[in-house]
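If you want the building blocks of each chain, they are given just below.
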Amino acid sequence: MVETRAQQRRRVTSLTWDDVESKQDVFRDILSRLSVRSIRSVKTVNRYWRDSVRDKHFATIHLAQSRKKPSYIACPRVNNAMELYLLKPGEFNFRHHATVDPPGRNAEHHMLMIASFNGLVCCINQLSDENEEDFQIWICNPSTEQTLLLPQGRPSFWTEPSIGVAYGPDMSEYKIFRIVSDGENGAGLHIECEVYSSSTGAWRIIGAVPHLPMYVFLTPHRSSHVFVGGKIYWLVSLEDPGIILYVDMEERFGVMELPYYSPDLRYEDRITVTTYLINLGGSLSLVVLHVDYFDIWEWKEASWVLVIEDYLPFMNFSETVLFLTSSEKEILCVTEWQWWTYHVNTRKWEERGGPPTQFTSPAMFPFTESLLPCNGGVRLEGR
């Protein structure tokens, strides 16, 4: 019997996929290039496909592929449930990605996104009592719709906790640092820190902290921080000399001063309230916005170096900056009326159009999709 062309196509296709599936590394490499949504559908094909995408090795190679397609994740405004959007750098047409409204959260207060790492986001949900200020802390994977409520930490008296997120070279490892006040002593508030580790799933007190991070301009909590080079950094004070608090993955705290500005300068030419710590291409950097220009300082060899002083197309104290973040060598600035990007390599500003009306108090961070569980990968099989 003569084989028809359709039968031949089916046979060749079947043989080709059998051959691909037999070479597991090739097969996994192909699947790793899919979006998380597509991979979730792949799991339903058969048991072999499901098992191919569920261990730590696959999650690792998928994250490596996702990092080649970076984006920003945005929470447009403080609200009860968090509506999250993805924006591709260079395009800035945003699409809805997920709604984060986990069961068990305190519905009386808003959810706030404070960090993004390895496809996960850290969110806080305020709790309050007459003398205690505290947060529920959630780790969420917006792509898989998983959420994890961390155990409640120690109460903080008289001041809100400061929270920072650190993550190790192993994608399954992350730590949440929580700086709290356990009350007043003769010298004022007594500040301590406890740390949550994804490897233990519990909080542990690590001792006294020299400073309490400051409230950052237009940020309704003390948890504005940046993680770069294995350390978390918080602004503590902008007064001369300004102070930065930092902690590393080994849980060692330290302090450093902000760049020096002469007191002979005009007030608006010194450190201003619109000062931001960012990760710029893997380096700790400080952006200081003035009236019509800005400075970028980079931490190099244990000292601050002024790397850029350039004009600012939007400030003049007439347009409020709502949020500032960075991805690689691009700085993204959201104001009341416009998106702006600044490319460090070309030193050019680009106006990206006005933000949608719902972007009233946004939080935005670099983001890549991943399959990482919210517990950091403890349940993933190793390889």
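It should be emphasised that the depicted structure is a prediction, and the values quoted were computed from it without experimental measurement. (Residues numbered from 1 in each chain as written. Predicted model: local features only at pLDDT ≥ 70, side-chain atom pairs only at ≥ 80, totals over all residues. Heavy atoms only, no water.)

**Topic: the overall build of the protein**
Part 1 of the argument: Scanning the protein from N- to C-terminus turns up 5 helices and 25 strands.
Part 2 of the argument: For the protein, the proportion of its 383 residues judged to be buried stands at 52%.
Part 3 of the argument: Look at the contacts in the protein between residues 6 or more apart in sequence, and 50% of them connect residues 24 or more apart.
Part 4 of the argument: Per element, the accessible surface of the protein, about 18500 Å² overall, is 49% carbon and sulfur. (Helix = DSSP H or I, 4+ residues; strand = E, 2+ residues; numbered from the N terminus. Buried < 20%, exposed > 50% of the residue type's maximum accessible area, 1.4 Å probe, protein only. Contact = heavy atoms within 4.5 Å. Areas by Shrake-Rupley, 256 points an atom, 1.4 Å probe, with all protein chains shown as cover.)

**Some words on the pairing of strand β24 (residues 348–351)**
Part 1 of the argument: Across 4 bridges, the pairing between strand β23 (residues 339–343) and β24 is antiparallel. Its bridge partner lying in β24, Tyr342 is registered against Trp349.
Part 2 of the argument: Between β23 and the antiparallel strand that follows it, β24, lie 4 residues; Arg347 among them carries a positive phi value of about 55 degrees. (Pairing = 2+ DSSP bridges.)

**Thoughts on a positive patch on the surface**
Part 1 of the argument: Taken together, Arg37, Arg40, Lys69, Lys88 and Arg95 make up a surface patch of like positive charges.
Part 2 of the argument: The residue Arg37 is located in helix α3 (residues 36–42) in this model.
Part 3 of the argument: Take Arg37: its relative accessible area is 62%, and that puts it in the exposed class. (Patch = residues over 30% accessible without salt bridge, like charges linked within 9 Å, V, L, I, M, F, W, Y side chains within 5 Å. Salt bridge = Lys/Arg side-chain N within 4 Å of Asp/Glu carboxyl O. Lys, Arg positive; Asp, Glu negative; His and termini not counted. Charge placed at Lys NZ, Arg CZ, Asp CG, Glu CD.)

**Quick notes on the confidence of the model for the protein**
Part 1 of the argument: Confidence along the protein averages 84 in pLDDT terms, with 84% of residues attaining 70 or more.
Part 2 of the argument: By mean pLDDT, helix α1 (residues 5–22) is the weakest element of the protein at 54, and strand β15 (residues 243–248) is the strongest at 97. (pLDDT = per-residue confidence, 0-100.)

**Describing the state of the cysteines**
Part 1 of the argument: Inspection of every chain in the model, using the stated rule, returns 0 disulfides.
Part 2 of the argument: Cysteine Cys75 is unpaired, with the sulfur of Cys123 as its nearest cysteine sulfur at 7.7 Å. (Disulfide = S-S within 2.5 Å.)

**Looking at unusual backbone geometry**
Negative phi is the rule for most residues except glycine; trans is the rule for most peptide bonds.
Part 1 of the argument: Here the bond from Asp240 into Pro241 is cis, since omega is -5 degrees, no more than 30 degrees from zero.
Part 2 of the argument: Tracing the backbone shows Pro241 in the loop between β14 (231–237) and β15.
Part 3 of the argument: Look at Glu251: it is not a glycine, yet its phi comes out positive at around 70 degrees.
Part 4 of the argument: The topology assignment puts Glu251 in the loop between β15 and β16 (253–257).
Part 5 of the argument: Judged by relative accessible area, Glu251 falls into the buried class, the value being 17%.
Part 6 of the argument: Even without a glycine there, the phi angle at Arg347 is positive, about 55 degrees.
Part 7 of the argument: Locating Arg347 in the fold gives a position in the loop between β23 and β24.
Part 8 of the argument: Arg347 gets classed as partly exposed once you look at its relative accessible area, which sits at 43%.

**Overview of the nonpolar core**
Part 1 of the argument: Judged by nonpolar contacts, the single largest core of 25 residues is most densely connected at Ile73, Met82, Met113 and Met364.
Part 2 of the argument: Contributing elements (two or more residues each) for this core: β1 (71–75), β2 (82–87), β4 (111–117), β5 (120–128), β6 (132–141), β22 (330–335) and β25 (363–367).
Part 3 of the argument: With residues up to four places along the chain from it excluded, the contact list for Met364 reads Ile73, Ala74, Leu87, Phe323, Thr325, Leu332, Val334 and Trp339.
Part 4 of the argument: Among the nonpolar cores identified, the runner-up in size contains 22 residues, and Ala59, Leu120, Ile176 and Trp203 belong to it. (Core = buried A, V, L, I, M, F, W, Y, C linked by side-chain atoms within 4.5 Å.)

**Observations regarding the side chain of Asp310**
Part 1 of the argument: Assignment of secondary structure puts Asp310 in strand β20 (residues 303–311).
Part 2 of the argument: Buried charged residue Asp310 carries no salt bridge. Nearest counter-charge: Arg347, at 5.8 Å.
Part 3 of the argument: Side chain to side chain, Asp310 and Tyr342 meet in a polar contact 2.7 Å long.
Part 4 of the argument: Apart from the residues within four sequence positions on either side, Asp310 is in contact with Tyr293, Phe294, Tyr342 and Arg347. (Polar contact = N/O pair within 3.5 Å; in protein donor to acceptor, adjacent residues only side chain to side chain.)

**A short note on the sheet that holds β15**
Part 1 of the argument: Reading across the sheet, the 4 strands line up as β13-β14-β15-β16 and stay open at both edges, with antiparallel pairing between neighbours. Taken across any chain shown, the strands that pair with only one partner, and hence form the sheet edges, are β13 (225–228) and β16. Along the sheet, successive strands turn relative to each other by an average axial angle of 30 degrees, direction set aside.
Part 2 of the argument: When β15 meets β16, the two strands line up antiparallel, connected through 5 bridges. Note that in β16 the partner of Ile243 across the bridge is Glu257. (Axes fitted to C-alpha atoms, helices over the stretch in contact; angles between N-to-C directions.)

**Details of the sheet that holds β20**
Part 1 of the argument: Across the sheet, which stays open at both edges, the 4 strands sit in the order β17-β18-β19-β20 with antiparallel pairing between neighbours. Whereas interior strands pair on both sides, the edge strands pair on one side only; in this sheet they are β17 (275–280) and β20. Neighbour to neighbour, the strand axes of the sheet diverge by 25 degrees on average, direction disregarded.
Part 2 of the argument: As paired strands, β17 and strand β18 (residues 283–289) are joined by 6 bridges and run antiparallel to one another. Within β18, the position partnered with Leu277 by the bridge is Leu286.

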